[in-house]
Amino acid sequence: MKVPVPVPICSIMLVLPLLLAVLQTVTAQKNGIHVYSLTVDSRVSSRFAHTVITSRVVNRADEAQEAIFDMELPKKAFITNFSMIIDGVTYPGNIKEKAAAQEQYSAAVARGESAGLVKATGRKTERFQVSVNVAPAAKVTFELVYEELLKRRLGVYELLLKVRPQQLVKHLQMDIHIFEPQGIRFLETESTFMTNELADALTVSQNETKAHILFKPTLSQQQKSSGQQDKALDGNFIVRYDVNRTLSGGSIQIENGYFVHYFAPEGLATMPKNVVFVIDKSGSMSGRKIEQTREALIKILSDLSPKDQFNLITFSSETTQWKPSLVPASPENVNKAKSYAAGIQAAGGTNINDAMLMAVNLLESNNQAELLPEGSISFIMLLTDGDPTVGETNPTSIQKNVREAIGGQYSLFCLGFGFDVSYAFLEKLALDNGGLARRIYEDSDSALQLQDFYQEVSNPMLTTVAFQYPSNAVEEVTQDNFRLLFKGSEMVVAGKLRDKSPDVLSARVSGKMYMQNITFQTESNVAKQEEEFQSPKYIFHNFMERLWAYLTIQQQLEQMVSASEADSQAFKTRALNLSLKYNFVTPLTSMVITKPEGQEQSQVAEKPVEDAIVHNAPPIFDVGVAGSPDILGQQGPPGDPHDFPSYSFRLRSSGDSAFSPPVVLEPRQVELYDTETQNKARIITEPTSASIQASPVLLTLPGPSNDTLCVDIKHSQGPMNLLSDPDQGIEVNGQYDTKKAGFHWIKVTFKNPQVQVLASPEHVVVTRNQRNSAYKWKETLFLVLPGLKMTMDKTGLLLLSDPDKVTIGLLSLDDPGKGLLLLLRDTDHFSSHVNGTLGQFYQDVSWEMTEVADDSQRTLRVQEKDFSVTRKLKMDYQEGLPGTEISCWSVEL
């Protein structure tokens, strides 16, 4: 089968907190600029990722051409170095204080020269672009280095690298090394460009503490994967992982005179919580926003624990409180709240001030009345999509009012829906009150974004957490007091060892659990730890000092937001000095990029801030060489689950699937052969694509005949248990839509690994450990978990497989009027305990003898029950679209 051309997006991601790296070297080979080498080297040492991207190009044209180095990197990452080597001469990027760099930038603009800026592009990415003129036959080497401390989120770390060479590359290599002294608990990979041909170019090796992922495709493999001689790889590659941990004081790791302390104890009980949801229902929330808010809120309410208490406040011009006080999250109250949430309608202005004060007063009155359970924690979750327009509209006054009302007693989490709200306003509002802010991007998965954020903060395990170290052992320690520890997250403290520190570094971590205080003790042998990090050749040495500097700068920048003016200046000064000392491009510094004489002399790279992202940003064109119309990239709307919204437009040829000629079905004779009766029947058919329908379910019956059963469901039966096999650890449920002759939704649940796949005509949602990943149909996907492989090609055929499991296929047809189809392969793996509406056909199945002369009708006996079946022509989509005709036994349920 011809492998469909992958979508133009190439990336690699690794499961540590969430490191994304994306390189896009945009050139047009036919205009002379040829990329002959592209390498990505990422070394992750104890969560700290050091990534080097190197692109080598040559100008094969007879005249000078422009080469563009264009890449994306995580918003949380800091660029540490960039250089160009042209004809043996190195042109480095120099990092300076922003004001000093701005002088050179302004001078360049005055001379009419452009300045290369880093621009925010996706949900979690920034874009870096530099161009240079290349003389005929000249070679240029671009090298970019950036670093990031990966953050644990919902139980995983994640690293993403995105490489888009836009042409076949002779030497294409992605090399990832991970070293985790705590031990690697699990590791998985995901890709949006991988195919069966390319899978042979990927090797993953792992032992207790190390993992190595190497992707090195040959030109031949790249060509076979794309199905065309001149098409490049394009997609994401992701690695996700977590480390071993116990119920202890965490892991202290030491290297080159610096230490880092990771704390995320296992096995702690979740604390009961009192939560007030404050929901914006102003007119600007109308349409899809309020629909997705209702959807997410109903799901979040379902996730409340019976020991929790909650209430709802909605606001527009006026504020409305659902119940007079907090209520227990009993099934009855939750169902009532869901009904209330389902009826929320959008209209009116935006009165954030009154809504927030009502929420605080609600918690305060319940607290004074001693209605908040002892040992519980309380927080407010605000969702809004715009700036205040009614009542108090001054952001500073609102922040002051809320801060004074809360008085440090409760936490506030703020969600900004879309781009019409000031993120800086919400960020300060949250940080002032011990919480977090997050932007929710308007897209088909907005409801999932809301649910995921709630999952991050819905399971508090410890409060008032403090780290203590001997004063004679450490100095310059980062933040060591934290308000809350949530399940699936991790606290990180780093510092410097004193010159004459003890041989053993000890630590004491204290906090409050539900109804009791708890203290952890841990220690680490300095010499042993130093030796552990000195020996491996594959790690980035002296990384821990840079980790400490990175963490310190991030925390200083965050503290600037909520500090007084005097304190803010002190935080700024320290963050600036560290940024300059360790060569980090931060919001306080800029990189000045030098070029050969005669070209633009000063391009300046600056780090954008979140609030600078504009909703209606102008398109970004990835033009490698002037006059190359077939390599034209443009920023698209956000929505990619892996946060890379840029895509490419290209002129399509007649070979593209979108322009494929319609299938013409010729009248012909079809011969049916019954393996039991040895009878043959000939049917003259005049099929058309309209007359031959797809069966919503195709089953290969057990036995040597391998007969195919086409299942037609004629009556809507609500949610159905389609099949369940406890020995295989698989359960499939779904709801059939008779009008669309397909399923409205299908849910596949695996016991090992614990994965749930929920498919709807809109998208596929994969859930692992309460963490959701959304994928749109026809997005190329290659996800390998321990014990399960998930693949989806450009036809929209999703396959869930493992060598020892039944393969389950899900397909969304191009026709929006059709439902989902379910396909089964490798059904010989079913155990004798399989059951369900479809599973029954793999238990005690036999053909009944019949004296009817019509060989196209038979009786199938299944577990003492008879089914009438008829030979029919159906469309088979086992290999995806456009499908093939088959003759099958059709049964109606």
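What counts, and at which threshold
- Residues numbered from 1 in each chain as written.
- Predicted model: local features only at pLDDT ≥ 70, side-chain atom pairs only at ≥ 80, totals over all residues.
- Heavy atoms only, no water.
- Helix = DSSP H or I, 4+ residues; strand = E, 2+ residues; numbered from the N terminus.
- Buried < 20%, exposed > 50% of the residue type's maximum accessible area, 1.4 Å probe, protein only.
- Contact = heavy atoms within 4.5 Å.
- Areas by Shrake-Rupley, 256 points an atom, 1.4 Å probe, with all protein chains shown as cover.
- Disulfide = S-S within 2.5 Å.
- Pairing = 2+ DSSP bridges.
- Axes fitted to C-alpha atoms, helices over the stretch in contact; angles between N-to-C directions.
- Expected span 1.5 Å × (residues − 1).
- Arc of directions from axis to C-beta.
- pLDDT = per-residue confidence, 0-100.
- Salt bridge = Lys/Arg side-chain N within 4 Å of Asp/Glu carboxyl O.
- Polar contact = N/O pair within 3.5 Å; in protein donor to acceptor, adjacent residues only side chain to side chain.
- Parallel < 35°, antiparallel > 145°, perpendicular 65-115°, else oblique.
- Left-handed = near helix turned anticlockwise from the far one by under 90°.
- Nonpolar A, V, L, I, M, F, W, Y, C, P; charged D, E, K, R; others polar.
- Phe/Tyr/Trp six-rings, centres within 6.5 Å; stacked < 30°, edge-to-face > 60°.
- Core = buried A, V, L, I, M, F, W, Y, C linked by side-chain atoms within 4.5 Å.

## Quick look at the overall build of the protein
Step number 1: If you tally the helices and strands in the protein, you get 12 helices and 54 strands.
Step number 2: Across the 893 residues in the protein, those meeting the buried criterion constitute 57%.
Step number 3: Put simply, 69% of the contacts in the protein that link residues at least 6 apart link residues at least 24 apart.
Step number 4: Total accessible area on the protein is roughly 36200 Å²; 48% of this is exposed by carbon and sulfur atoms.

## A look at the state of the cysteines
Step number 1: Evaluation of the coordinates by the stated rule reveals 1 disulfide.
Step number 2: Bridging cysteine 710 to cysteine 888, the disulfide has an S-S length of 1.9 Å. Across the S-S bond of cysteine 710 and cysteine 888 the torsion is about -120°, and the bridge reads as left-handed. Here cysteine 710 is found in strand 39 (residues 708–712), whereas its partner cysteine 888 is found in strand 54 (residues 884–892), with 178 residues between them in sequence. Residues cysteine 710 and cysteine 888 agree in their burial class; the two are buried.

## What to know about the pairing of strand 52 (residues 857–862)
Step number 1: Burial of strand 52 is one-sided: the residues Arg858, Leu860 and Val862 facing one way are buried, the residues Gln857, Thr859 and Arg861 facing the other way are not.
Step number 2: When strand 51 (residues 845–848) meets strand 52, the two strands line up antiparallel, connected through 4 bridges. Bridge pairing links valine 845 to valine 862 in strand 52.

## Description of the sheet that holds strand 31 (residues 516–525)
Step number 1: Read across the open sheet, the 4 strands follow the order 28-26-30-31; overall the sheet is antiparallel. Of all strands in the sheet, those with a lone pairing partner are strand 28 (481–486) and strand 31, marking the two edges. The average angle at which neighbouring strand axes cross in this sheet is 30°, direction not considered.
Step number 2: Bridging between strand 26 (residues 460–468) and strand 30 (residues 504–513) involves 4 bridges; their strand directions are antiparallel. Each residue of the ladder has a partner; that of alanine 466, found in strand 30, is serine 510.

## Topic: helix 7 (residues 395–406)
Step number 1: Relative to the 16 Å expected for 12 residues at 1.5 Å per residue, helix 7 spans 16 Å between its end C-alpha atoms, a close match to the ideal helical length.
Step number 2: Residues of helix 7 that are buried include every one of Ile398, Gln399, Val402 and Ile406, and no others. With its buried residues spanning 100° around the axis, helix 7 presents them on a single face. Residues Thr396 and Glu404 are exposed on helix 7 and point more than 90 degrees away from its buried face.

## Examining the confidence of the model for the protein
Step number 1: The predicted model of the protein has a mean per-residue pLDDT of 82, with 82% of residues at 70 or higher.
Step number 2: This model gives residues 112–116 a pLDDT under 50, and the stretch forms 15 contacts once residues within four places in sequence are excluded.
Step number 3: Under a pLDDT of 50 for its full length, residues 613–690 has, in the predicted model, 172 contacts with residues more than four places off or in other chains.

## Quick notes on the pattern of salt bridges
Step number 1: Taken as a whole, this structure holds 31 salt bridges when the rule is applied.
Step number 2: One salt bridge connects lysine 289 with aspartate 385, and the closest N-O pair in it is separated by 2.9 Å. Residue lysine 289 is found in helix 4 (residues 288–302), and its partner aspartate 385 is found in the loop between strand 23 (377–384) and helix 7; the two are separated by 96 residues along the sequence. Side by side, lysine 289 and aspartate 385 carry an identical accessibility label, which is buried.
Step number 3: Here the salt bridges do not stand alone but share partners, grouping Arg47, Arg152, Glu180, Arg185, Asp242, Arg245 and Glu490 into one network.

## Thoughts on the side chain of histidine 261
Step number 1: Within the secondary structure layout, histidine 261 lies in strand 18 (residues 258–263).
Step number 2: Within the local environment of histidine 261, its side chain forms a polar contact with the backbone oxygen of glycine 249, the two atoms lying 2.7 Å apart.

## Some points on the packing of helix 7 against helix 8 (residues 423–431)
Step number 1: Between helix 7 and helix 8, the shortest axis-to-axis distance is 10 Å and the interhelical angle comes to 15°. Judged by the angle between their axes, helix 7 and helix 8 are roughly parallel. Viewed along their axes, helix 7 and helix 8 form a crossing whose handedness is right-handed. In contact with Pro395, Ile398, Gln399 and Val402 of helix 7, helix 8 contributes Ala424, Phe425, Lys428 and Leu429.
Step number 2: Its residues placed into classes, the contact of helix 7 with helix 8 shows 6 nonpolar, 1 polar and 1 charged.

## Brief notes about the packing of aromatic side chains
Step number 1: Taken as a whole and judged by the stated rule, the model has 28 aromatic pairs.
Step number 2: Ring plane angle 55° and centroid distance 5.2 Å describe the contact between phenylalanine 193 and phenylalanine 215, whose orientation is recorded as tilted. Taken together, the positions of phenylalanine 193 in the loop between strand 13 (184–191) and helix 2 (196–199) and phenylalanine 215 in strand 15 (residues 210–215) put the pair 22 residues apart, joining distant regions of the chain. Each member of the pair, phenylalanine 193 as well as phenylalanine 215, carries the same accessibility label: buried.
Step number 3: Ring centres of phenylalanine 277 and tyrosine 454 lie 6.1 Å apart, and the angle between their planes is 50°; this geometry places the pair in the tilted category.

## Concerning the environment of asparagine 706
Step number 1: By the element assignment, asparagine 706 lies in the loop between strand 38 (697–700) and strand 39.
Step number 2: Judged by relative accessible area, asparagine 706 falls into the exposed class, the value being 51%.
Step number 3: Residues within four places of asparagine 706 in sequence aside, it is in contact with Thr700 and Leu701.

## A closer look at unusual backbone geometry
Step number 1: In the segment running from asparagine 752 into proline 753, the intervening peptide bond is cis, with an omega of 0°.
Step number 2: Here proline 753 is to be found in the loop between strand 42 (742–750) and strand 43 (755–759).
Step number 3: The phi dihedral of aspartate 87 falls on the positive side, at around 50°, and the residue is not glycine.

## Some remarks on the nonpolar core
Step number 1: Phe82, Phe128, Phe142, Tyr146, Ile178 and Phe215 are the most contacted members of the largest nonpolar core, which totals 58 residues.
Step number 2: For this core, the element with the highest residue contribution is strand 3 (residues 33–45), accounting for 5 residues.
Step number 3: Apart from residues no more than four positions distant in its own chain, phenylalanine 215 is found in contact with Leu172, Gln173, Met174, Phe193, Met194, Leu198, Ala201, Leu202 and Leu233.
Step number 4: In this structure, Val711, Ile746, Trp847 and Trp889 belong to the second largest nonpolar core, which totals 50 residues.

## A few points about the environment of serine 330
Step number 1: Here serine 330 lies in the loop between strand 22 (327–328) and helix 5 (331–342).
Step number 2: C-alpha separation for the pair serine 330 and glutamine 309, spaced 21 residues apart in sequence, amounts to 8.8 Å.

## Considering the environment of leucine 450
Step number 1: Summarising the element assignment, leucine 450 is placed in helix 9 (residues 446–457).
Step number 2: Taking the relative accessible area as the measure of exposure, leucine 450 reaches 4% and is therefore buried.
Step number 3: Separated by 154 residues in sequence, leucine 450 and alanine 296 have C-alpha atoms that sit 6.2 Å apart.
Step number 4: Excluding its chain neighbours within four sequence positions, the residues that come into contact with leucine 450 are Gln292, Thr293, Ala296, Ile300, Leu383, Leu415, Phe417 and Ile440.

## Observations concerning the sheet that holds strand 18
Step number 1: The antiparallel open sheet is built from 4 strands, whose spatial order is 17-18-29-27. Each edge of the open sheet carries a strand with a single partner, namely strand 17 (251–255) and strand 27 (474–475).
Step number 2: Of the strand pairs in this sheet, strand 18 and strand 29 (residues 491–497) are connected by 6 bridges, and their pairing is antiparallel. From the neighbouring strand, valine 260 faces strand 29, where its bridge partner is alanine 494.
Step number 3: Running over the sheet, helix 11 (residues 543–562) touches strand 17, strand 18 and strand 29 and is turned about 65° from strand 18.

## A closer look at the pairing of strand 45 (residues 771–776)
Each regular strand carries side chains that alternate between the two faces of the sheet.
Step number 1: Within strand 45, 5 of the 6 residues are buried, leaving the element largely enclosed by the surrounding structure.
Step number 2: Sheet analysis places strand 44 (residues 763–768) next to strand 45, joined by 6 bridges and oriented antiparallel. Paired with valine 766 across the bridge in strand 45 is serine 773.
Step number 3: Here strand 44 folds back onto strand 45, and the loop between the two strands holds 2 residues, one of which, asparagine 769, carries a positive phi near 55°.

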